[in-house]
Each structure stands twice: as C-alpha cells, then as structure tokens.
Amino acid sequence: MNLALKLVTDAQSRKDTISSMPTIQEALDTIDQWIDDGAVPGAAAAVWHRGEIIAAHTTGEATPGRHVTNDTIFALASVSKPMTAAAVMQVLDREDVDLDTPLAEILPEFESVEDPFDEDLLPQLEAQRHEVTMRQLLCHTSGLPENVGVKRIRMTALPSLGEIVDVMCNVPLQSPPGETLRYSNVGLALAARAASRLADRDFHSMLQEDILDPAGLDGIVLRPGPKLDDRVAHVDDAAGNGGKSESYNSRYWRDMGIPWGGYFGTALDVLRFATSFLPGQASPLRDDLKAQMVVDNTGGVPGGVNSAGFHWEEGAWGLGWEVKGSKRNHPTGTLTSEGTWCHWGQSGTMVWVDPARELGLSVFSNRTVMKGWPLRPPRWSTLSDAVISAVGP
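Residues numbered from 1 in each chain as written. Predicted model: local features only at pLDDT ≥ 70, side-chain atom pairs only at ≥ 80, totals over all residues. Heavy atoms only, no water.

Q: Summarise the overall build of the protein chain; cite the residues concerned and give the values.
A: Scanning the protein chain from terminus to terminus reveals 14 helices and 13 strands. Over its C-alpha atoms the protein chain spans a radius of gyration of 22 Å, differing by no more than 12% from the 21 Å that the globule rule assigns to 393 residues. A principal-axis box enclosing the C-alpha atoms of the protein chain has dimensions of 80 × 50 × 40 Å. Among the 393 residues that make up the protein chain, the fraction classed as buried is 56%. Considering only contacts within the protein chain whose residues lie at least 6 apart along the sequence, 67% involve residues at least 24 apart. As displayed, the protein chain offers around 16,600 Å² of accessible surface, 51% of which is attributable to carbon and sulfur atoms. Charge centroids of the protein chain, computed over 33 positive and 52 negative side chains, lie 4 Å from each other. (Helix = DSSP H or I, 4+ residues; strand = E, 2+ residues; numbered from the N terminus. Rg over C-alpha atoms; globule rule 2.2 N^0.38 Å. Buried < 20%, exposed > 50% of the residue type's maximum accessible area, 1.4 Å probe, protein only. Contact = heavy atoms within 4.5 Å. Areas by Shrake-Rupley, 256 points an atom, 1.4 Å probe, with all protein chains shown as cover. Lys, Arg positive; Asp, Glu negative; His and termini not counted. Charge placed at Lys NZ, Arg CZ, Asp CG, Glu CD.)

Q: Give a description of the packing of aromatic side chains that names residues and reports values.
A: Summed over all chains, the structure comprises 11 aromatic pairs. Seen from their ring centres, tyrosine 248 and tryptophan 253 are 5.2 Å apart, and the 65° between their planes marks the pair as edge-to-face. Given a relative accessible area of 10%, tryptophan 253 falls into the buried group. Clustering of aromatic rings is evident, with ring pairs tying together Trp34, Phe310, Trp312, Trp344, Trp373 and Trp380. Directly above the ring of phenylalanine 110 sits arginine 129, whose terminal nitrogen or CZ lies 4.1 Å from the centroid. It is lysine 327 that lies over the ring of tryptophan 312; its NZ or CZ is 4.2 Å from the centre. (Phe/Tyr/Trp six-rings, centres within 6.5 Å; stacked < 30°, edge-to-face > 60°. Lys NZ or Arg CZ within 6 Å of the ring centre and 35° of its normal.)

Q: Before we move on, can you summarise the packing of helix 8 (residues 161-168) against helix 9 (residues 185-199) with the specific residues and values?
A: Interhelical geometry of helix 8 versus helix 9 gives an angle of 115° and a closest axis separation of 10 Å. The angle between the axes of helix 8 and helix 9 places the two elements in the roughly perpendicular class. Seen from above, helix 8 lies across helix 9 with left-handed handedness. Residues Gly162, Val165, Asp166 and Met168 of helix 8 lie in contact with helix 9, whose contacting residues are Val186, Ala189, Leu190 and Arg193. Its residues assigned to classes, the contact of helix 8 with helix 9 shows 5 nonpolar, 1 polar and 2 charged. (Axes fitted to C-alpha atoms, helices over the stretch in contact; angles between N-to-C directions. Parallel < 35°, antiparallel > 145°, perpendicular 65-115°, else oblique. Left-handed = near helix turned anticlockwise from the far one by under 90°. Nonpolar A, V, L, I, M, F, W, Y, C, P; charged D, E, K, R; others polar.)

See the structure below:
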C-alpha cells in the first residue's frame, strides 16, 4: 500500500470509529432500557465534565404514576458515607485531632466490650481494641463487622439512632485493626459519633451547616420530612417491606438520617458533591483534606465488601470514598482510571469521578441491588464505559 492510500485508509478508519461512537445523550439513553427490561421502576443519571454538568437524563417512575425528574430525591444508602466522612474530616481539622488518634480516646465507651461471654468475642482481638483509629474507621480497616446483626438489635423494635450506635460501640472486632479491608457500617457510625463528641454538636447540624449549606447543595437532604414526600422516590425490594421500620420508605427510617446509609439526594447535587473533591473545585473542605479523602488509606491490604461478595487482593479505599485502584470487574467500568473515587448504595445508587478525565457520573434508581440488577448484566459498568467513550479522551 502506498503512503497516500494508507493515509486515506487511516483517515477513513478514524472517521468510521468516530461516527460509531455514541453521543453523551445516547449513552445516557441506555437507562431507558433498564425500565423496559423491568430492572428498575425509575432512574436518573447525570454527567459532569471539566467544570460543569454536561448532560442529564431521567426515565420511568419515582412512585406509581409519578415520573422521575431532575428534582427527584433518591434514597442514597451508602452513598451517604462520603458526606459523613467529609463532616468528620472537617471536625478533626478544626479540633486539631490527628486521623490516627485512637477512637477510645474520644469515645471511652468503645474501649471494652461489656459482655465477656459474647460468643463472637475473641480475647486476642479485643486486646487490640484500643488501637482502632479514626482513619481506620473511615477507610474500613478497623476490624469491625459490617453490621451489628439481629441478635443484638432489631429494627422492628424501632430503636432510636442513638440506641443503634450504643449497640455498635459494643460489638467485638472481627479482624486485627489495620490488617484487612472489612467494609463496615459500624465504623462510619462510630466516626460520626466521635466527631459529634469532639465538637459538642449534633452531627446532622454539623453536616448541614458545615458541608452542605456552604456548598449550596440543597438537593441533598439528611432527613426528608412529609413536605418532600412528593419528591422522594419509593425504593422497591426494601427490607422490612410494608412495616413501620421499612428501609428507605418508612417515616421512621427517613426521620433518623442514618449517617452510614440514610441520606437522600438528587443525581445532580450528589454528582456536584463528588466532583467538588477535584483540585480547584469549590468546597468547604481545604484542598489537603479533600486530597486525603480520595486516595488509598489502607496501604493496599486485602479485603472487600462481604455482603456484596466483593474481595480484592489490594482493597484500595480512601476516607469515606472507595478508590478503584487495581480492582477488576468494577461497577465503574473498564475504562475509568485507577485514581477514580466512587461509592454505590444498596438502594440502587452509584456515583464516580475520574480525576484523569475530569469526568463524573451519577446514576440513581429506586430498586435495591439485592437481586443484582446493576451487576448481572453489568449495567453500571456498561453505562460507565459508554459515557467515557462518548466524552472521549
């Protein structure tokens, strides 16, 4: 092949490739298929690129007969955790408390387990309880379990948030502090209580006044009252279906504002929160605090999320935010960089930001992931790859 013909052929190949690439709106339109397939009742997605929201798409129903809009408020589940972590980081900074301060120095009630005959208690682990630090709580290496379990507390009894955290203070360790990534709701709950103790303030007030209000994120709601019922999406397949303690949907649940998984928000404002951790983006947090939160703080220890069946040889996690690192078969897709920070929630929510591309995606729905709809087939991953392909390098 002569040089001229080769140049023409290469140019045509590039043209064909570009013409076959989806547009950003076409990429987001794929969530319509989720509704058609019966995977979810409704969904919303938004894309941020280099300083602004460049696309958004809504589809399906928030509740029967009410369509999803950009103002629809979704139950965030564990996407709440980075918000809680941000408020904790702000308090630690203001109170001049080091991240590696032992939790027991702030919460003396954590220092020992009251029941020495607890069948889950391992004395060799409990001897290290005083070593659990604030950093380990935020990056899930404390050794604490994911949840407290029904033998310790039952949600059907409608315990207060304070009563739940009291029980969490008294659960035994399951692994040595710092040695394993063990995703833990308990850890974020105790971090929030410690921050509240340090500042002598209600935690919800701190998060609202110190993080959300200064950032203008009025689409993130910690405890949505009845006045917002016409904006909040109903979550299908929620635990405790129809009961007074039903996850996400009951008044009891919404009024608690659970720091490890009980906030609510729009796809647009949660994406704005996530992208505020990029360098140069406005945030109530100092740049150095933001930077700490979105890089691995575990040291690359193995571990994962037991309830989801995820286990990694190198379980990267930041402070509140998950860091993709070298993980494979990841919900953020195959094209996001290793520096990507993200979080997903059991209620069917996910948000990620790829700093290498200055690109972010939020995709929210209103069915829990218990039946694996975003992972089998890999709907989240496929959408993420389509968005990156549409935006380009």
